[in-house]
Amino acid sequence: MRYGTTKKILVTGGAGFLGSHLCERLLAQGHEILCVDNFFTGTRRNIAHLLGNSNFEMMRHDISFPLYVEVDEIYNLACPASPVHYQFDPVQTTKTSVIGAINMLGLAKRVKAKILQASTSEVYGDPEVHPQPEEYWGRVNPIGYRSCYDEGKRCAETLFFDYRRQHNVEIKVVRIFNTYGPRMHPNDGRVVSNLVLQALRDKDITLYGDGSQTRSFCYVDDLVDGFMKMMETGADVTGPINIGNPGEFTIRQLADTVIELTNSRSKIVYRPLPPDDPRQRRPDISKAQAILNWNPTIELQEGLKRTIEYFEKYVRL
Ligand code: NAD
Ligand code: UDP
Ligand code: UDP
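Anyway, here's the lowdown on the structure attached to this text. Note that the structure is a prediction, hence the values are computed from the model and not measured.

## Quick word on the pairing of strand β4 (residues 73-76)
Across the two faces of β4 the burial is the same, with Glu 73 and Tyr 75 and Ile 74 and Asn 76 all buried. In this sheet, β4 lies alongside strand β1 (residues 8-12) in parallel orientation, the contact comprising 4 bridges. Bridging across to β4, Thr 12 finds its partner in Asn 76. Pairing of β4 with strand β5 (residues 114-120) involves 4 bridges; the strand directions are parallel. Residue pairing in the sheet places Glu 73 in a bridge with Lys 114 of β5.

Structural data, given as structure tokens:
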């Protein structure tokens, strides 16, 4: 039962990097948050500061098993996001994406909740179209090392659209492009956390391949704004909608910026490129601009400064 404008909101993967920021922002709006996480890549530390808030509840649970709770909205973020973590147990990654989506959609159907899916730019695979608009169907290897994640997320999108067509569930699908910021897992192998930690420790900076591949990096606060704006839209807005920062950088440029901002003595070393590593990635965000009136506001330099500040404290621990 709803009281006033306070909503009961389920955030799956709420103890992870993006989920913990989202929980914080939703709590600040006065909502009741149920954070569900199996702590595979998330940590209690990410949400320790929220545990004393009477509107915040933490539940240890794996979403590939059914979950019976009463909520008004669901943000489905549970899924390891970094290649190192999602390839650690690839079968579990697919189960989390696919069976997890079925369970969360079954829940949304039963309690008539709006449900938002954290999808990914990986649905575009190694793209031939640049920048990537939502209409592009992608170029994805179905049997490679990244497939458990890419195909799992693609199948989750299929399930979201079929639950809408078949059961009229109110869905929102957001395709997230590389997002970074405080509380990224220090050992998850993603490029921003790797490079920042290596630079702060004056260790070699590892560039995979020749460092000429590109990515577009979105700061976490901008991403969370996009999520919340998407959830506020009417039932006719389903997405998929790209959320990311269209500023595009080579990994080499990212390394140079990190070295400069940390005054590091690190040297760059080259390592083999992982299989199926996309050559380039940049979101076309015209839909997010037109439909959500959303634009990223935090430039890479500024976002990196805030991330470096977080990891500086981490390194000193
Ligand atoms: P993360 O690994 O920090 O967070 C994922 C959270 O999900 C963790 O807390 C983990 O413990 C939890 N989890 C994993 N499997 C679970 C399961 N079966 N049941 C319950 N909890 C489970 O990653 P993140 O960067 O915060 O990513 C959050 C979501 O956003 C993911 O769905 C990811 O695919 C998506 N995404 C993130 C990015 C990015 O750049 N950060 C880009 C594209 C998509
Ligand atoms: N489910 C869940 N919580 C709920 C309702 C459903 O976890 O509150 C799960 C349920 O276990 C089922 C899945 O969601 O496996 C899909 O539910 P749906 O009602 O769509 O399918 P059905 O139960 O008919 O297979
Ligand atoms: N990368 C790199 N050095 C690292 C970690 C990653 O050069 O220490 C590269 C990686 O090969 C990829 C890019 O940086 O081209 C982004 O990698 P990440 O794992 O962060 O995300 P994704 O490949 O899923 O976009």
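Don't stop here, the text continues.
## As for the site of ligand 1
Near ligand 1 there are 30 residues, and of these Leu 18, Asp 37, Thr 41, Tyr 149 and Thr 179 occur at the shortest range. Within the side chain of Asp 37, a nitrogen or oxygen atom sits 2.5 Å from an oxygen atom of ligand 1. At 3.0 Å from a nitrogen atom of ligand 1 is found a side-chain nitrogen or oxygen belonging to Thr 96. Take the shell around ligand 1: its biggest share by element is 3 residues, from β5.

## Notes on the pattern of salt bridges
Tallied over the full model, the rule gives 22 salt bridges. The partner of Glu 122 in a salt bridge is Arg 146, with the nearest N and O atoms 2.7 Å apart. Of the two residues, Glu 122 sits in the loop between β5 and α5 (147-167) while Arg 146 sits in the loop between β5 and α5, which places them 24 residues apart along the sequence. A salt bridge links Asp 221 to Arg 306, with the nearest nitrogen and oxygen atoms 3.8 Å apart. With Asp 221 in helix α7 (residues 220-232) and Arg 306 in helix α10 (residues 300-316), the pair connects residues that are 85 residues apart, well separated along the chain. Here Asp 221 falls in the partly exposed class, since its relative accessible area comes to 28%. Overall, Arg 306 belongs to the partly exposed group, its relative accessible area being 31%. A network of salt bridges, in which partner residues are shared, links Glu 122, Arg 146, Arg 215, Asp 277 and Arg 281.

## What to know about the site of ligand 2
By nearness alone, every residue bordering ligand 2 is listed as Pro 66, Leu 67, Tyr 68, Ile 102, Asn 103, Gly 106, Leu 107, Lys 109, Arg 110 and Tyr 163. One of the backbone N or O atoms of Leu 67 is found 2.7 Å from a nitrogen atom in ligand 2. Between ligand 2 and Ile 102, the relevant distance is 3.5 Å, taken from an oxygen atom to a main-chain nitrogen or oxygen of the residue. Considered on its own, ligand 2 offers 510 Å² of accessible surface; in the complex 65% of this is hidden by protein.

## Regarding the nonpolar core
Judged by nonpolar contacts, the single largest core of 59 residues is most densely connected at Leu 22, Phe 56, Tyr 75 and Phe 227. In terms of residues, this core owes the most to one element, α7, which gives 7 residues. If you look at the next biggest cluster of nonpolar residues, it comprises 26 residues, including Val 71, Ala 78, Phe 160 and Val 173.

## Thoughts on the side chain of Thr 206
Topologically, Thr 206 is positioned in strand β8 (residues 205-208). Judged by its relative accessible area of 17%, Thr 206 falls in the buried class. Not counting residues within four places of it along the chain, the set of residues in contact with Thr 206 comprises Asn 194, Leu 195, Gln 198, Val 269 and Arg 271.

## Things to note about the packing of helix α8 (residues 251-262) against α10
Contact geometry for α8 and α10: axes closest at 10 Å, N-to-C directions at 55°. Between α8 and α10, the interaxial angle falls into the category oblique. Handedness of the crossing formed by α8 with α10: right-handed. Together, Leu 254, Thr 257, Val 258, Leu 261 and Thr 262 of α8 and Leu 300, Gln 301, Leu 304, Lys 305 and Ile 308 of α10 make up the contact between the two elements. Broken down by class, the residue content of the contact of α8 with α10 amounts to 6 nonpolar, 3 polar and 1 charged.

What counts, and where the lines are drawn
- Residues numbered from 1 in each chain as written.
- Chains lettered and ligands numbered in written order.
- Predicted model: local features only at pLDDT ≥ 70, side-chain atom pairs only at ≥ 80, totals over all residues.
- Heavy atoms only, no water.
- Buried < 20%, exposed > 50% of the residue type's maximum accessible area, 1.4 Å probe, protein only.
- Helix = DSSP H or I, 4+ residues; strand = E, 2+ residues; numbered from the N terminus.
- Pairing = 2+ DSSP bridges.
- Near = heavy atom within 4 Å.
- Polar contact = N/O pair within 3.5 Å; in protein donor to acceptor, adjacent residues only side chain to side chain.
- Salt bridge = Lys/Arg side-chain N within 4 Å of Asp/Glu carboxyl O.
- Areas by Shrake-Rupley, 256 points an atom, 1.4 Å probe, with all protein chains shown as cover.
- Core = buried A, V, L, I, M, F, W, Y, C linked by side-chain atoms within 4.5 Å.
- Contact = heavy atoms within 4.5 Å.
- Axes fitted to C-alpha atoms, helices over the stretch in contact; angles between N-to-C directions.
- Parallel < 35°, antiparallel > 145°, perpendicular 65-115°, else oblique.
- Left-handed = near helix turned anticlockwise from the far one by under 90°.
- Nonpolar A, V, L, I, M, F, W, Y, C, P; charged D, E, K, R; others polar.

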